[in-house]
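Report on the structure
Now for the letters of each chain:
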Amino acid sequence: MVGPGFRDDHILLIAPGSRSTLAQLGLPESFTPARLRFPTRMFPGLEEGQYLPNKVHELKEGEEMMLRNGELMVAGPNGKPVKRRKADSTSKTAKADGAVKSADAKGDTTMADAADDHEENEEEGNDEDEEMNGTKEEGGTKLFYEDDFDEEGAIWCMEQGRIVNWEAFFALLLHIHESLNPTFHTPILMISQPCWTCKDKERICQFIFEKLKTPGFGMMDAAAAINAAYNVQHSLVIDVGYEKTDITTLIDWNIQEVNRTTIPFGGHSMNQHLHKLLPDLTEEEIDQLKRSNICEILPPGVPIPGEEDADRETVLRPPEPTTIGMGGLTQPKALDDEGNEEEDEGVTNIAAIVASGKTQEYLAKKEKEKADKKAGLAAGEKRLPNYKRETNSFLFVEKVQDAVAENEKTDHSGEALDSERMDVDVAPITTDDPQPAGEASAADGANGPPPAPSEGGPEAAKTDPDGLKVAPDAEGAKPGPSLMESMFSGTKEDDDAKRAQEKALRREEKKRQEAAQSGERRREIEVGTERFKAAEGGILEAIADAAHRVVSSADNYNMRSECWNSVIIAGNGCRVKGFKDALLNTIVSKYQVSPSSGTIFTSELPSNIPTPSGTGTNTPQPSTFSSQQPNALLLQAAANNAALAAAGQHHLSIPQPNQGPSSIKIAKIPEYFPEWKDYGFEECMFLGAQLGAKIYFVTDQGANKGFVSRADYNSLGPQAIHNI
Amino acid sequence: MASTPQMSGVLPPTTKPAELEYGGDEVSALVLDPGTGTTRCGFAGEDTPKTCVPTYYGIIPDPEEQKYFGKLKIGENPINSVVDGMEIRNPMHEGIVENWEVATEIWRHCIEYRLSSRIEEHPLLVTEPIWNPLKKREKTTEIVFEDFNAPAYFLVKSAVCESFANSKPSALVVDMGHAYTSVTPIIDGLPLRKGSERTPLAGQHLTNQLRHQFTELGIRMAPWLTLKGKTPYTDLATAPALRTKDFGFQPHQSFLDLQQDRFIHEFKECVSETWPEAKTFPADINNLPDNFRGIADKAFEFPDGYQRRFGVDRFLAPESLFNPSVSPKALTGDLPKGIAEMIKDSIDHLDADIRANMLNNIVVVGGTSLLYRINERLNHELMTMFPGPRVKIHSPGQIPERKYSAWLGGSILASCGAFHQLWISKQEYDEVGANIIERRAK
């Protein structure tokens, strides 16, 4: 049954996650980050049991609906959508590049197709796209309007990795399959979440074979995939997700099922914590703050600006969260005042500028302004790296449907518009006159880190993924090492002066950013030192403790230290700047056995001195032994051998381990994947999936039962999935 | 006699063959091995259980709550999180279930956590200790059929499973677990009640002894979760201040104990050692004879950073398993017999003609048997006690096989073809009631 040889470009990879599901058809020559990213949600369809990838509003003739940008949409006769601006009532038929489809209402298939087309558009274009790309369909006299932005009523299929709504999940799989439209020779490899039960896997296997009619289906555990990407034999995989973190040890490439665990902490826990600290911001704002450049977790020893570092005695130990408290040291009042002002006025109507065709001029102007400002404040606040500033701001990008652009679109070809749009979005890189760095960092914040699925995902489909992501930021904080270096050389700033300067700055900016009621709204939001406290809600401790539990319960004593020596921290939850280092620090400072305790060699030595007394006064110092080491070690080795020989036959004793871990190291990131280097290895599970698919489907061709073939499925049923 | 599965597959005449509708090949059977320390569960036919959940559970007492009088926290992660007012309890008492409501929930969690969300689809094999009374066996049956709605079920003595796991139809099974160390003679797959012994000298006993020992030494046993970090030091007299976390409440003592158990467990693994010979352990470890030499010190670091080298004192707690009178913490009530003594008792109870067979087939399993050199000690003691016949100890060389021996045996049993006719089906239960277990599996 299995056609000999699946082709590289025929393999479909799907990696479902709680927020977004990654997918890709075909293995490229050099493995890339996932091409497509679908939000892991569906919307209830028009009929019971039917699901659609986008929210659909149903309008009867004459009914009106208020769109988010204050536009009115009226269902005209024959189900034609009529759009009306609220201000000027010039009604216009929206004709955004093929968004209107006067399909003959073939029921749900057409609907789904249209939706798919659209979805792909969205994926391929930038998510920031503000075009009104709702798909409209005529169904009798009803108007169906697809609303990308409305997430109300969305059914998120997975929670903490578990599939909570199977119907929706399957609809999503179907939707992904249809949008990629693979051939009949396409085998599928799916990344399975560690918390899926065996039954869950059977269910998915059944669906894949019976509905998608694939010739081969394989499942790869997320931890195994991450491990495969790093190509290490033993590892401790910490996969920080949205609402959960999976912790798994792998020994000899094998997952240790019994002791793996999933804890309910993840990227979202950081949002929640930030929200507690900054109750004035909306969830969306918090999310963007977390993903912005200014949110970072400071290395140990670096004080949070304006706060006393209570725990500074030892540089190796991270400052403890509880000593810093719940933001009592920042100025919530100032934030209140200014934050609100910003919300109202700090808005630039980028789209309007684009539409007016004056993009270049605008950018030039801005650049000049910025340059002036910089010159004026050469030694000032703005120059300081993030970690030294008590407050810093990020650009909040709000998605609002853009009527102006929509209207103008009839004049431009879609492509031209798109490219211009892109120019604005990624101005610092793609245009010849770069935008000020402040903008860049914000654009980076919005576009770069992809944890939120529905918006701001970097598009791998774009030829230049780093174009979106990497915006070297003169003002933003420098990377870790340089930060450490410069940390002590920095001069202390006068806080008041700083604040005054900033106020002046802000006023200027306000002036500059005027007008505009619609469009992709960007506004600066200033936050205080709360931005350094994202991980202080206990997430680091919880992960560290769980990791220690997991490794300590590994049954193979000798491999525990091996696992500690190649810790892999992956998952989008750990994209927050400094998170990985902070986590490693937490683990090291709490659980690593200090080298001075001499558990490695000295403990093996026969002691010639009296046993320590109860008070510990006779406790020998390790140094006592140094002169005896070689001999004693030989003795010990000989004794061990003798004991083994004696016990060997009946396995009487299992050798005793040493207390561990005595060293903890992060696994080396793989080097051969240039595409991933810039993208970051947080989603390296997808890299592992590609490697796995290559081996299972192409190299191995099922010789080692790397996947379930159609024939296997026919003879064994869904349970065949457990044989791989 | 009992109709426990035999390798021959011959059914006793009193038993009618069950309908063969639950062939384990179509729907995989589950094997549940509930213990006091952990509850293990997995699919029949596999070599290790898929889940191993602590049987300890957390409860936030709330008299308003009707069923459990509090909010339950079940599973590895919940009981290891600091929660205000959470107490840690255990539904087991003397190795058998006491609190059925909670035990049911733990079993359910153990199965649904990673195995199957449809508990009602799988035949279920449950293990039980040999001293499980009839009432409890009936209750187990009731829970499996009423609460879990299992299609088929069987109850097997864990000692039988352990002998099967070591491919021995006849053996003297020594199971050193968390709460109890038990000795059970198995003849041709049948456990003998006569000759079965148990003693609380097991993992929990060790933990308590060590806890006491550390307290006596003046060690601050702050567990990891209550600390912000550690400061290495070696002298208790000049100990730096503890860097404790402020939770805004005081975690319950039972929670702190459970957390302490974590590093005590590590101590057991890495530092504790069994004195390899019988009756030569120094009577007073603080006044060692001059000729006493050659004990390797082992260092241990406590979570607060205290480092200490342990010499002879690291043998003390394991020694108390064999010689309870040396226990650092005096035992209350009658002094139990040491493990070797207990094995001797068990052998003495047996008919003379099977003693040699038993002595030649001693199977030692259970997590506590992983204590360094405990089998050498056992071997030495038994050789001294029975100089005539050949004493032979069998113990799996792999750690999982020791820890999960009972589960593994259950997994082998439930997946072997002859076992299928032994399943008690839901239909039979409906006809006969919970007493079916006594008829079908004594």
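Residues numbered from 1 in each chain as written. Chains lettered and ligands numbered in written order. Predicted model: local features only at pLDDT ≥ 70, side-chain atom pairs only at ≥ 80, totals over all residues.

In the annotation of an unreviewed UniProt entry, the entry for chain B reads NuA4 histone acetyltransferase subunit, and the organism field reads Orbilia blumenaviensis. Word for word, the UniProt comment on chain B under Sequence similarities (unreviewed entry) is "Belongs to the actin family." (UniProt positions renumbered as here; feature names shortened; annotations may be inferred.)

Chain A is annotated in an unreviewed UniProt entry as Actin-like protein arp9 (SWI/SNF complex component arp9) of Orbilia blumenaviensis. Recorded under Sequence similarities (unreviewed entry), the UniProt text for chain A is reproduced unchanged: "Belongs to the actin family."

Focus on the overall build of chain A
Within chain A, the regular secondary structure consists of 24 helices and 27 strands. Residue burial in chain A is summarised as follows: out of 724 residues, 51% are buried. Within chain A, residue pairs in contact and separated by at least 24 positions form 74% of the contacts whose partners lie at least 6 positions apart. (Helix = DSSP H or I, 4+ residues; strand = E, 2+ residues; numbered from the N terminus. Buried ≥ 20, exposed ≤ 12 C-beta atoms within 10 Å, placed from the backbone. Contact = placed C-beta atoms within 7 Å.)

Side note on the overall build of chain B
Within chain B, the secondary structure is distributed over 14 helices and 19 strands. Taking 442 residues into account, the globule formula puts the C-alpha radius of gyration at 22 Å, and chain B, at 23 Å, falls close to it. Taken over the C-alpha atoms alone, chain B extends approximately 70 × 60 × 35 Å along its principal axes. Burial statistics for chain B: of 442 residues in total, 53% are counted as buried. A separation threshold of at least 6 residues defines the contact pool for chain B, and within that pool the share at least 24 residues apart is 69%. (Rg over C-alpha atoms; globule rule 2.2 N^0.38 Å.)

Remarks on the sheet that holds strand E19 (residues 424-425) of chain B
Residue and element names in this part refer to chain B. Here six strands make up an open sheet; going across it, the order is E3-E2-E1-E9-E10-E19 and the pairing mixed. Edge positions in the open sheet fall to strand E3 (51-54) and E19, since each of these has one partner strand only. Across the sheet, helix H2 (residues 100-114) touches strand E1 (30-34), strand E2 (38-43) and E3, and the angle it forms with E3 is around 145 degrees. Where helix H3 (residues 134-147) meets the sheet, its contacts fall on strand E9 (124-128) and strand E10 (152-157), and the angle it forms with E10 comes to roughly 150 degrees. (Pairing = 2+ DSSP bridges. Axes fitted to C-alpha atoms, helices over the stretch in contact; angles between N-to-C directions.)

Digging into the confidence of the model for chain B
Residue and element names in this part refer to chain B. Looking at chain B as a whole, its pLDDT mean stands at 87, while 93% of the residues score no less than 70. Low pLDDT, under 50, characterises residues 1-25; the predicted model gives this stretch 48 contacts beyond four residues in sequence or across chains. In the predicted complex, the global pTM is 0.73; the interface-specific ipTM is 0.88. (pLDDT = per-residue confidence, 0-100.)

With respect to the nonpolar core
Ranked by size, the top nonpolar core spans 122 residues in total, and within it Ile 226, Ile 543 and Met 685 of chain A carry the most contacts. Those residues in contact with Ile 226 of chain A that sit more than four places away from it in its chain are Val 237, Asp 239, Ile 568, Ala 570, Cys 684, Met 685 and Gly 688 of chain A. (Core = buried A, V, L, I, M, F, W, Y, C linked by C-beta atoms within 7 Å.)

Here's the deal with the pairing of E9 of chain B
Residues and elements named next belong to chain B. With respect to burial, E9 is a largely interior element, five of its five residues being buried. Residues Leu 124, Val 126 and Glu 128 line one face of E9 and the alternating positions Leu 125 and Thr 127 line the opposite face, and both faces are buried. Pairing of E1 with E9 involves three bridges; the strand directions are parallel. Note on E9: the bridge partner recorded for Leu 32 is Val 126. Pairing analysis gives five bridges linking E9 to E10, with the strands arranged parallel. Bridge pairing in E10 places Val 126 opposite Leu 155.

Topic: the packing of helix H4 (residues 158-165) of chain B against helix H12 (residues 405-415) of chain B
Residue and element names in this part refer to chain B. Following both chains from N to C, one finds H4 and H12 inclined at 80 degrees, their axes separated by 7 Å at the closest point. Here H4 lies roughly perpendicular to H12, going by the angle between them. For the pair formed by H4 and H12, the contact residues are Ser 158, Val 160, Cys 161, Glu 162, Phe 164 and Ala 165 on the first element and Ser 405, Ala 406, Leu 408, Gly 409, Gly 410, Ile 412 and Leu 413 on the second. (Parallel < 35°, antiparallel > 145°, perpendicular 65-115°, else oblique.)

Examining unusual backbone geometry
Positive phi is not limited to glycine here, since Lys 213 of chain A has a value of about 50 degrees. Of note, Lys 213 of chain A is situated in the loop between helix H3 (198-211) and strand E18 (216-221).

Quick notes on the environment of Phe 697 of chain A
All names here are of chain A. Tracing the chain through its elements places Phe 697 in helix H23 (residues 684-699). Expressed as a C-alpha distance, the spacing of Phe 697 and Arg 7, which sit 690 residues apart in the sequence, is 8.1 Å. Among all residues touching Phe 697, those that are not within four sequence positions of it are Phe 6, Ile 11, Pro 187, Gly 216 and Phe 707.

Some points on the sheet that holds strand E17 (residues 188-192) of chain A
All names here are of chain A. Here we have six strands laid out as an open sheet, ordered E3-E2-E1-E17-E18-E27, and mixed in their pairing. The open sheet terminates on both sides in strands that have one partner only, identified here as strand E3 (36-39) and strand E27 (708-709). Here helix H4 (residues 222-230) sits on the sheet in contact with E17 and E18, set at roughly 80 degrees to E18.

Here we look at the environment of Ile 393 of chain B
Locating Ile 393 of chain B in the fold gives a position in strand E18 (residues 393-394). With 31 residues separating them in the primary sequence, Ile 393 of chain B and Ile 362 of chain B have C-alpha atoms 4.8 Å apart.

Concerning the pairing of strand E4 (residues 57-61) of chain B
Residue and element names in this part refer to chain B. Two strands pair when backbone bridges link them, and E4 and strand E6 (residues 87-89) are joined in this way by three bridges, in the antiparallel orientation. Within E6, the residue paired with Tyr 57 across the bridge is Arg 89. The pairing of E4 with strand E5 (residues 70-73) spans four bridges and is classified as antiparallel. From the neighbouring strand, Pro 61 faces E5, where its bridge partner is Gly 70.

Description of the environment of Tyr 233 of chain B
Residues and elements named next belong to chain B. Within the fold, Tyr 233 resides in the loop between helix H5 (203-217) and helix H6 (253-270). In this structure Tyr 233 comes out as partly exposed when scored by C-beta crowding, with 19 C-beta atoms within 10 Å. For the pair formed by Tyr 233 and Gly 305, sequence separation is 72 residues and the distance between their alpha carbons is 6.0 Å. Excluding its chain neighbours within four sequence positions, the residues that come into contact with Tyr 233 are Thr 238, Ala 239, Pro 240, Gly 305 and Tyr 306.

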